[in-house]
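Structure assessment
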Amino acid sequence: MWAGVRANVARGRLRVQIDELTEVNVRPEVGMLSVLPALNYKPWYALAEFVDNSIQSFLASRALLGIALLNVEIEYDPADGVIVIRDNAAGINTADFARAFRPGERPLDRSGLSEFGMGMKSAACWFGRRFTVRSTALGEPLERTLVFDLADIVSNGREVLRPEGRPVPTEWHFTEVSLSELYKPPQGRTVGKMKDHLASIYREFIRRGDLRLTWNGEILQYDEPSVLRAAFYKDEDQTTHKQWRKDIQLDLGQGLTVHGFAAIRQVGSTALAGFALFRRGRLIEGSGDETYRPRYIFGASNDYVFQRLFGELHLDGFQVSHTKDGFRWDENEEPFLELLKEELDKPPLPLLTQAREYRVRARPVDIRVGAEEAVDRTADALSSGAADIPEQPGPTDGADAEPPPQLPEADPVAARREFELELDARRWQVTLELVSDPAVGDWLTVSDDGSSVAPTGENIRKVGVRLSLAHPFMDRFGGTDAARIEPLLRVAAGIGVSEVLAREAGIKFAGSIRMRLNEMLRGPLARP
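Because the structure is predicted, anything quoted here is derived from the model rather than measured.

Definitions and cut-offs
- Throughout, a residue's number is its position along its own chain's written sequence, starting from 1.
- In keeping with the predicted nature of the model, local features appear solely for residues at pLDDT of at least 70, side-chain atom pairs appear and are counted solely at 80 or more, and the whole-chain, interface and lining totals rest on all residues.
- Excluding hydrogens and water, the side-chain values take into account all heavy atoms of the structure.
- Only DSSP runs of H or I covering at least 4 residues are called helices, and only runs of E covering at least 2 are called strands; the numbering of each starts at the N terminus.
- A simple rule labels every residue: compare its accessible area, found with a 1.4 Å probe on the protein chains alone, to the largest value its type can have, and call it buried under 20%, exposed over 50%, or partly exposed in between.
- Contact between two residues is taken to exist if any of their heavy atoms lie within 4.5 Å; hydrogens are not considered.
- Each accessible area value is a Shrake-Rupley result obtained with a 1.4 Å probe; residue values ignore everything except the protein chains displayed when judging cover.
- With a 1 Å grid laid over protein atoms only, a set of points is called a cavity when a 1.4 Å probe fits there but cannot get out and a pocket when it is open yet has protein on both sides within 12 Å along at least five of seven lines; lining residues have an atom within 4 Å of a point.
- Grid points are joined across faces, edges and corners, and a volume is the space filled by probe spheres set on the points.
- Under the convention adopted here, Pro, Cys and the residues Ala, Val, Leu, Ile, Met, Phe, Trp and Tyr are nonpolar, Asp, Glu, Lys and Arg are charged, and Gly plus all remaining residues are polar.
- A pair of strands is treated as paired once DSSP finds two or more bridges between them.
- The convention used is that axes are lines fitted to C-alpha atoms, helices contributing only their stretch in contact, and that angles between N-to-C directions extend from 0 to 180 degrees.
- A residue counts toward a patch only above 30% relative accessible area and without a salt bridge, and it is joined to like-charged neighbours within 9 Å or, for Val, Leu, Ile, Met, Phe, Trp and Tyr, to nonpolar neighbours within 5 Å.
- Throughout this description, the term salt bridge denotes a Lys or Arg side-chain nitrogen within 4 Å of a carboxyl oxygen of Asp or Glu.
- For the purpose of charge, His is not counted, nor are the chain termini; Lys and Arg are scored as positive and Asp and Glu as negative.
- Charge coordinates come from a single atom per side chain, which is NZ of Lys, CZ of Arg, CG of Asp or CD of Glu.
- Only buried residues count toward a nonpolar core, which is a set of Ala, Val, Leu, Ile, Met, Phe, Trp, Tyr and Cys residues joined through side-chain atoms within 4.5 Å.

Describing the overall build of the chain
Check the secondary structure of the chain and you find 15 helices and 23 strands. Buried positions account for 46% of the 528 residues belonging to the chain. Contacts in the chain between residues far apart in sequence, at least 24 positions, make up 70% of those at least 6 positions apart. Summed over its atoms, the accessible surface of the chain is roughly 26,900 Å², and 50% of this surface lies on carbon and sulfur atoms.

Below you can see the structure in the form of structure tokens.
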């Protein structure tokens, strides 16, 4: 409780009319309260509603409070299942107390963080069946406590709640909200995510020194990413380093403007790269590991831009959802993204190009750690499965059997591409095929029509390379995204084309390597 915090308010300079408050009317729609627990909140955005109220109260009365720093404490003990949010802001005064509990009644000043008149009620009812508000306003000699029991209000159709009051010194100012009988008490990783997201949402107020936000006494801080310092990837002189960060200024017209910065992370992150979008200093979209990454700019998840580009953009004139966890774009997102993409890649700091093409040389220590782990796991797989490797087949066992002239039928074919290339002064038509047919037993299948063409190129040699996505080895290591499939397909294509070239050069048993490879990838090398 912030009862000990005193403001330097000269009596006579602050005039507050103290009206006798005996009841609070929660009309007009008591029944609507029952739907609040079904709102699509995330716990950190629900908690943010209470922090918003504290910040708005502090900013609106900062000069009168005489304090430089707003303290917002969040306390949560999983054992008793109660969340307490406490601040040393200006408190809820007599004029606003009744309005604060009437659903949907908006404040007169909607230019700040409290604008919809639903934040505290909707968030509190989403968290639990019961909440209690205790507050005293700066300059008022009364502390009020109101208990809001959702089940009792809805089941009995109550439209009037009666707060309890007690006299306190006029210098006191605070608000304390207790949430109890929680529907889903935060547990485990959820608690950590709530702290991370809250630090991210209020990073601007924390940076400015306006807010000290704590969770069970732990001060929440936002970890600032390091910005890449490097030469442009195409520069011959790789010693001239730049900081890859630029300011962003956009004007979409009709009072819609954007300002902030964009940059490239020193260390890429598939979880944390991306934009954070702000309004009135408070993050609306893109907190924590849920950053704003539209595909139009960031590409797919395996794109380097997706892992490296980040920034903070403040959107002025845009509307937000009533839960303040997203923007209401209307028709404005597409032009916003078009302008932003153009600005991001403008010289002399083309962020998108640098993020996509720049390569970081891996440190020897990192390579060694990964290499040692890969060697150990592969050696274990081979040694433990050695008994399952078949004996070397002889010439009569079909090891040098000619590949079929074309790939056998398979269904379904996941992807197929035909292309031409020139090898040894001959034109080849190569078919690359990925199949997900479980009836295809081999990891790699090769076909060759066997035609021998002259350097004049009158005929085209047709070769097929098929990789089975339903193979046990692919089940374990292949995945479904291009970043994992592509390197394995390239290796398979290299093996297939090399086999045909080796046979053309007169190498005996050219197909035996592929045959043994298929057997080992189905056996010991596919196991954990």
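The rest of the description comes next.
Some details on the layout of surface pockets
Taken as a whole, the second largest pocket encloses approximately 480 Å³ of empty space. D196, Y222, D223, L272 and G288 are, among the 27 residues lining the second largest pocket, the residues nearest its centre. Mapped onto the lining of the second largest pocket, the elements with two or more residues apiece are helix 6 (189–201), strand 15 (274–279) and strand 17 (309–316). Among the elements that take part in the lining of the second largest pocket, helix 6 stands out by supplying seven residues, more than any other. Among the residues making up the lining of the second largest pocket, the classes are represented as eight nonpolar, eight polar and eleven charged.

Some thoughts on the sheet that holds strand 20 (residues 413–423)
The four strands lie next to each other as 20-21-23-22, forming an open sheet whose pairing is mixed. Taken across any chain shown, the strands that pair with only one partner, and hence form the sheet edges, are strand 20 and strand 22 (444–448). Put simply, the sheet's adjacent strands are angled 15° from each other on average, direction ignored. Along the sheet, helix 14 (residues 482–504) contacts strand 20, strand 21 (426–435), strand 22 and strand 23 (461–468); its crossing angle with strand 23, the most-contacted strand, is approximately 140°.

Observations concerning a negative patch on the surface
A cluster of acidic residues, D330, E331, E334 and E338, forms a negative patch at the surface. On the secondary structure map, E338 appears in helix 10 (residues 333–344).

Digging into the nonpolar core
Core analysis: the biggest nonpolar cluster contains 58 residues, and L47, F50, L179 and Y202 have the highest contact counts within it. Per-element accounting of this core gives the leading share, nine residues, to helix 1 (residues 43–60). Ignoring anything within four residues of it in the chain, the contact list for Y202 reads A48, V51, D52, I55, L211, L213 and R282. W244, F275, L277 and L313 belong to the second largest nonpolar core, which has 34 residues in total.

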